Every structure is written in C-alpha cells, then in structure tokens.
Protein chains: 2
Amino acid sequence: MGLVLGDFVSSISPYRSTVIVHPQTHRFTEALVLQSGLSLPAYELVYETYGTLNAQRSNAVLICHALNASHHVAGVYTDAQGQIKPRSEGWWDNMIGPGKPLDTNRFFVIGVNNLGSCFGSTGPTHINPATGDAWGADFPVVTVEDWVNAQARLLDALGITQLAAVMGGSLGGMQTLSWTLQYPKRVRHAVVVASAPNLTAENIAFNEVARRAIVTDPDFHEGHYLRVHTKPKRGLRIARMIGHITYLSDDVMNEKFGRRLRALETAVADRDVAALERLAYHYTTTGVEFEIESYLRYQGDKFSEYFDANTYLLITRALDYFDPARAHQGHLAQALSVAQARFLVISFTTDWRFSPARSREIVRALLHNQRPVSYAEIDAPHGHDAFLLDDPRYLAAVRAYFDHTVAPEVL
Amino acid sequence: MGLVLGDFVSSISPYRSTVIVHPQTHRFTEALVLQSGLSLPAYELVYETYGTLNAQRSNAVLICHALNASHHVAGVYTDAQGQIKPRSEGWWDNMIGPGKPLDTNRFFVIGVNNLGSCFGSTGPTHINPATGDAWGADFPVVTVEDWVNAQARLLDALGITQLAAVMGGSLGGMQTLSWTLQYPKRVRHAVVVASAPNLTAENIAFNEVARRAIVTDPDFHEGHYLRVHTKPKRGLRIARMIGHITYLSDDVMNEKFGRRLRALETAVADRDVAALERLAYHYTTTGVEFEIESYLRYQGDKFSEYFDANTYLLITRALDYFDPARAHQGHLAQALSVAQARFLVISFTTDWRFSPARSREIVRALLHNQRPVSYAEIDAPHGHDAFLLDDPRYLAAVRAYFDHTVAPEVL
C-alpha cells in the first residue's frame, strides 16, 4: 500500500518544513474512459503522503493542485547524500505539515499529480504505447472530471473509501467542487479556495492568448517538438508572463515594482552612486527599462526551461471546459444539488482572476440547496497568488475549520 | 496653408458622417531634437482638418490619437470614382463633425498622425536618409513630449498660435496633458479622456509581454524584417489579442461572448437544428471552441495585416515612458503647476486599463494648483473602449463643455 510517512526532523519555522518526503508511483492497468470519449490505456499517477492514515481510515485529506503545481504539496526532498535540497519545499508547505493549519499530526494528507502533467504522472512527454514515441499533441484532452475520476481510483488503491476532506485552490478548487458532485458520498468536507464555478470570457481569453503564443511558435511543430529535440520556449515564456500578470493584483505589482527602473535597482545593489546620479531612461524598445520587465522575463525564462508546452495547453483547456452548470442549462444551484459535503469557501478581495463574486456564486448555489457552507472573504492585497501565501487570517480560517469542524467528525 | 475643408454632404445619422475629407502632408526640413538626445532630420506629418479656421484663428482644436489610430479622426474617404468608401469613417467620427459634440460648424479641428506611426507620418517603414533603406528598428525612440513638439511645429506651419482646446483619449489624453505643460500658453482648454498621469506596473507589464511576443518572433529579424520582405505577424497577433482583452471590461466581455461556443454561433447562423442538438465540446487544445477565441483570433489576424511591428514597439514605449511627475520626484501637483489651461477630465467606471482612480489623481493635482477642472466619471460598462463609443452621457458632457465653456471664450 506504500503509506510511507515523511520523517519528521524538526520544525524551524511555522511556515517552513523539514519533513522529508518521497514521491510514490501507482500504475493503473485498467483503461480510463475520458469525458471526450477517448480512453487512456494504462497510466501512472505520482503522489505523496504526509501524516498517518488512522485505523478507521477516516482522516484522509486529498489536495488537488493548480496549473503548474504537482503532487509535491508539502515537505522537502533530500539528495543522494541525504542532505535536504535547498528550496525543495512543497507548494503548500506553509499550509500542510505537523502543527500547521492542515495538521499532519492528525490528518493523512495526499498530494497527487494530475494526468497530462509534466511532473511525473502520465502526460504528453511520456511514451504513447500505440506508437512507441512520446504522446506530444496526441495526448488526449483531459478535464477536471477526468482528473477526479483518476484520483478516485488512486484512493481505491490506497483503500480509502471516504475522504475527511478534499481541498484545493484555483483549478484545484474546481477539482474539489467536482469531487462533491462526482463522488458525493466519498467527501465529508470540501475546502474551495480562490476558485470559480467556471471561467469568465476574460479568463478564457487570457488562456487562449497563452495557447496561441505556444501553438504559433515555430518550435511547436504541431505539438511534436520532442521528436525534433526542441521545445516552443518563446511561446512558453509569453504564456508564463501573461499568467504572472493575472496572478498578481495591480496594487501589489505597484508596491513590488511600481515604475522603478531596472538600472536603479542595479545601481543601488552595487552601491554605485555615480550610476544613480546619471540615472535616466535608456530609450530602448527591446531592452529592459523597468524592474517589472526584468521580473517577467526572468519568470518566463525559468518556466520555459521546466514546463512542457503540451501540458500547458491541456491544463488551460481543462480550466476553460470546467462548467458543472452547463449540463443544467446554466443553473449552478441545480448542478450542486447532488453535493453532500460541508463546504469552506475562501476568496481574496484583490483576486481579479477568480474574484470573490465567483466564490459567492458557489456559496449562494450551496445555500439554495441548504448545504452547510462557511465563507471567508479575505481582505488580502496579493491577488490570486494570495492562496499560496502566508496571510495569517487565511491560514487561521483553514486551521479553525480543520480543527473544529473536520477533526471532531473523523478523529 | 492647405486649410481645405471637408465637403459637407448630408447627415444621415447623428453618429455617422458623410463629410468627405482628404489627408494632407506637411514636410519639415528642420531637424527635431528628441527627448532621447537623438535627432530626426527632415520628416513629414500627415494631418486632416474639419471645419473652418475663423478670422481670429481662435477656434482651432487639436485631436491627439491613441495607440493604433491616426490623423483620420472624422469624416469619410472617397474612391477614385468619388464614391464614399464603406467603413471609412474616422475613429472619432461619432464625436467630431457638423452638429456633433465637438461641432465642426463652429470649431476648426485638426487630426495629426504621430511620428513613428505606420499611417503616413514619418516612421519605421519610411526611408532612413542615412542608409537609403527603411528605418526599421533604427527609427529613434519617440516620446509623448516629442510628439507634442512635432504637433506644435505643425500648428506653427498652419499659423495657429493658440489652440481653443487639445483633446485626446488614452495615450491621446497623455499628449493633451503634456501640451498643457510643454506649451502652457498655447492651450486654453484640455480635454483628457480615459487617461492617466503615467502607466502602472501592470500596464507596463502588458506592454512588455506584447513587445516580447513581437521581438521574439523569428520573423522580427532584429527589427529589420522589411529587408527580408516579411513581418512578425505571429507576435503582432499576440500583441493585439492582449490589447483587446485589456480594452474591454470583464462584464462587457461576458455580455458579448460569455462562454458561448463558436459552434453554437455557427449553427444558429446556419439555422442548423441538427447541429444545435448535437452541440458539445470538441475537446481541442488548438482549435476554436469558444466565441471569444474566434473574436480574438480575428482581431489579431486583421491587426497583423495592417500594423507595423516597430511602430507597435515605439508607441507602447511612449506610453511606458510618459511620467511628467518623474522630474519632480513623483509630485504630480508640482509637475502640473505650470499648466494654465482649463480642464475637462473624463473617466469610465469599468476601465481597468486607465481606471477612474488615475483620472482622479490628475484632477486632485490640478485642484491643488487651483486650476479650473471639470470631472465626469461615466458609469459605462464598456471598459477602456468606452472612450470611442456612443455613450450619450459621455457625448453630452463633451458637447456641454465645448458649447458652454470653450465656445463663449473663443467664438
């Protein structure tokens, strides 16, 4: 069953972990029928676990990841010499771990990498058994519902019938919501953070521009770039830059970067007074002038090195397609009427990608069905990114919910 | 002097013109020293005029254009046979013309194309006299201040010492503001619409992504694509798609497109009931699924055919650089203290590119200097695009200002 725990080493900071974790892989040999009608034959899911599954198997919490995240939710990795790898903390390590808001001393937490990803689970960079070559653009389109079905099979393999909770932010929140609709009896609690019941036209528009940048990159080769040993890095850079703009609020961008010139930052760093004195615009259309440009280029370059372009297309499309109300002529309350979970919904005031208004739509639809739902609208300055950050009110809301609402029922 | 008027033909609608106009060109042989320190040797400005300059030369109104607009502000063009060209109305034809809010029966209106443009005035597609080849990327960086200086020289050539008003929206509003600072005695009134005293980090970020898309297009050839008879259309498409998203409000995008599927639109247009019945997602990452995608692709394709990439870089950079408070340690009120004009400032509630908050900064800085300023914040749903549209309250505010405040002083 492979329920190996992370070794607890010590707790240096409330937000940084030294719990050492190891990813595991489960191979599924039964084909998964996808929403598109296509099937994925055999496939693998990579996952990690934190904490201990109790004897009643009632304390499991599944974490669903967003666009460019993975199964590596919490803890750190070690190298071959057993040394902790620097900056190897999981993406929600401030939220999940011993004594943290989702306390792995009490809960058994599972992080799973979704199908179509480039971080381990079967995806476009893996071999298509039908051709012996990488899937590339032939990897089937996967949806939020497909991911939830695959996650449910992993829980079957782990012997977990019912989850204490499912939790996710952004696209992870969509999976969380979908869990309560696809497997209502298997979810006691759903924690939906910075999410939405579907994408707006503007959200789809940003995704589409990012996809066009990738697809029209001459190195895309109709999605079979691996065959020619290249990748569409130009397109990935643009996609990531667009993403970063939409993750941050206008306010936090002004606070972090404002109109500060890159040359000013460099001069200050070098304590170069002469440079500061002659500081002026460089009058360039292609060079870096402002600090924000340097930041975006750096983020774009970094992303283009490690992320797979076909995965980016698949994941943005999964976002576009998610729309549980669609099968109910747009009536979200009707769509959510099958849910049996109790909900915690959280939004952030400056999140313009998944605005509080979209979270309130979910809350209203749940209330319409007399579902128990707690809603926290956090007045945070950081935009959509806030769901990954250390806002104390946000972390306290999650902690209180797990401590006082989830734990008493399942522990 | 070439003050030929548009022939007034007839007024079919209050918003659509049949005033026939002809662009004119003025060649300047004295070099223009630019803010960057570089000089532009001889150059041409293309312009149009509407209405009649009165004997006192006191009724001239200069219109400054925004990113992808031109000197063709109002009226229509005719073909070689004298027939009116369809859809040849100027970009502010709903605002300017006989009997319109800015009434050319009373005012003499001048539209001028800026340096660096691709619509007639000297720009990157023109011949660099030093090389005999197109300027391309060697065209000097031009700023809002440079444009205003060039416009002032055109007014000199037209024999106009003082303008009744300068008016512009967006980047045109920045030029208008700059006019009141560079030539305070030459401007009686300034009408600044949907503008800002500088760009925010988010604005610069969007511009930078658009520029990176262009510059990293393999067809960019370091800005000398004309030499190899190509143009970076991929990059221009992406740039335009990003632009379009930021011109519209989230609300109007939802209203116009929402999550409607492209296939649905086609089926309805074809009255194809069978197609409607089997309507479903196509599960594609590269094809068009939603109506908004089709709209953005169309806009991107169209733009990439007619717009010059180097011009796009220059104009977005002029936006980035504009910052009159910069020479005053960020104190806008201090920067605006030299202005002598009376102001009308207009913003639109759903404009997130140049939000009302930015217009209010201008208003506050003017009030701090005891400048007379009228401010209208129009509750319009259309986002930044609203400044080009037919909102009756907006058009009425402009009409009232010109009729009751500008006209009595100058007519």
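For the structure, check the block above.
Residues numbered from 1 in each chain as written. Chains lettered and ligands numbered in written order. Predicted model: local features only at pLDDT ≥ 70, side-chain atom pairs only at ≥ 80, totals over all residues. Heavy atoms only, no water.

Peer 1: Which residues make up the pairing of strand S11 (residues 163–169) of chain B, and what values go with them?
Peer 2: Residues and elements named next belong to chain B. With respect to burial, S11 is a largely interior element, seven of its seven residues being buried. As paired strands, strand S5 (residues 60–64) and S11 are joined by four bridges and run parallel to one another. Residue pairing for S11: Val61 is matched across the bridge by Ala165. Pairing of S11 with strand S12 (residues 187–193), which is carried by six bridges, proceeds in the parallel orientation. Pairing of Ala165 across the sheet is with His189, part of S12. (Buried < 20%, exposed > 50% of the residue type's maximum accessible area, 1.4 Å probe, protein only. Helix = DSSP H or I, 4+ residues; strand = E, 2+ residues; numbered from the N terminus. Pairing = 2+ DSSP bridges.)

Peer 1: Describe the relation of the copies chain A and chain B, with residues and values.
Peer 2: Of the two same-sequence chains, chain A is brought onto chain B (RMSD 0.0 Å, axial shift 0.0 Å) by a rotation of 180°. Here the two chains are linked by the operation of a two-fold rotation axis. When you check the interface residues of chain A against chain B, 100% turn up at the interface there too, and the contact is symmetric in its surfaces. (Least-squares fit on C-alpha atoms with pLDDT ≥ 70 in both. Contact = heavy atoms within 4.5 Å.)

Peer 1: Describe the interface of chain A and chain B, and please don't skip the residues or the numbers.
Peer 2: Each partner contributes residues to the interface: chain A has 59 residues there, and chain B has 59 residues. Around 5000 Å² of area is buried between chain A and chain B when both sides are counted, 64% of it from carbon and sulfur atoms. Inspection of the chain A/chain B interface yields eight salt bridges. One salt bridge connects Arg297(B) with Glu208(A), and the closest N-O pair in it is separated by 2.7 Å. Our count for the chain A to chain B interface comes out at 33 residue pairs in polar contact (both at pLDDT 80 or more). (Buried area = accessible area lost by both parts, 1.4 Å probe. Salt bridge = Lys/Arg side-chain N within 4 Å of Asp/Glu carboxyl O. Polar contact = N/O pair within 3.5 Å; in protein donor to acceptor, adjacent residues only side chain to side chain.)

Peer 1: Residues and numbers for the environment of Val73(B), please.
Peer 2: Residues and elements named next belong to chain B. Structurally, the position occupied by Val73 is in the loop between S5 and strand S6 (96–97). Distance in space between the C-alpha atoms of Val73 and Gly243 is 21 Å, their sequence separation being 170 residues. Beyond its immediate stretch of four places on either side in the chain, Val73 contacts Glu48, Tyr50, Ile63, Gly90, Trp91, Trp92, Asp93, Ile96 and Gly111.

Peer 1: Describe the nonpolar core, and please don't skip the residues or the numbers.
Peer 2: In this structure, Tyr394(A) and Tyr394(B) are the most contacted members of the largest nonpolar core, which totals 269 residues. With sequence-adjacent residues up to four places away left out, Tyr394(B) is seen in contact with Trp92(B), Met95(B), Val193(B), Ile346(B), Phe348(B), Ile378(B), Ala386(B), Phe387(B) and Leu389(B). (Core = buried A, V, L, I, M, F, W, Y, C linked by side-chain atoms within 4.5 Å.)

Peer 1: Which residues make up the pattern of salt bridges, and what are the values?
Peer 2: All told, the structure shown has 44 salt bridges over all chains when counted by the stated rule. Shared partners join several salt bridges into a network, and the residues in it are Glu208(A), Arg211(A), Arg317(A), Asp320(A), Glu293(B) and Arg297(B).

Peer 1: Explain the packing of helix H3 (residues 201–215) of chain A against helix H4 (residues 233–247) of chain B to me, using residue names and the numbers behind them.
Peer 2: At their nearest, the axes of H3(A) and H4(B) sit 10 Å apart, and the two run at 170° to each other. By the criterion of interaxial angle, the relationship of H3(A) to H4(B) is roughly antiparallel. When H3(A) is examined against H4(B), the residues Glu202(A), Ala205(A), Phe206(A), Glu208(A), Val209(A), Arg212(A) and Ala213(A) are found in contact with a partner set consisting of Ile238(B), Met241(B), Ile242(B) and Ile245(B). Its residues assigned to classes, the contact of H3(A) with H4(B) comprises eight nonpolar, no polar and three charged. (Axes fitted to C-alpha atoms, helices over the stretch in contact; angles between N-to-C directions. Parallel < 35°, antiparallel > 145°, perpendicular 65-115°, else oblique. Nonpolar A, V, L, I, M, F, W, Y, C, P; charged D, E, K, R; others polar.)

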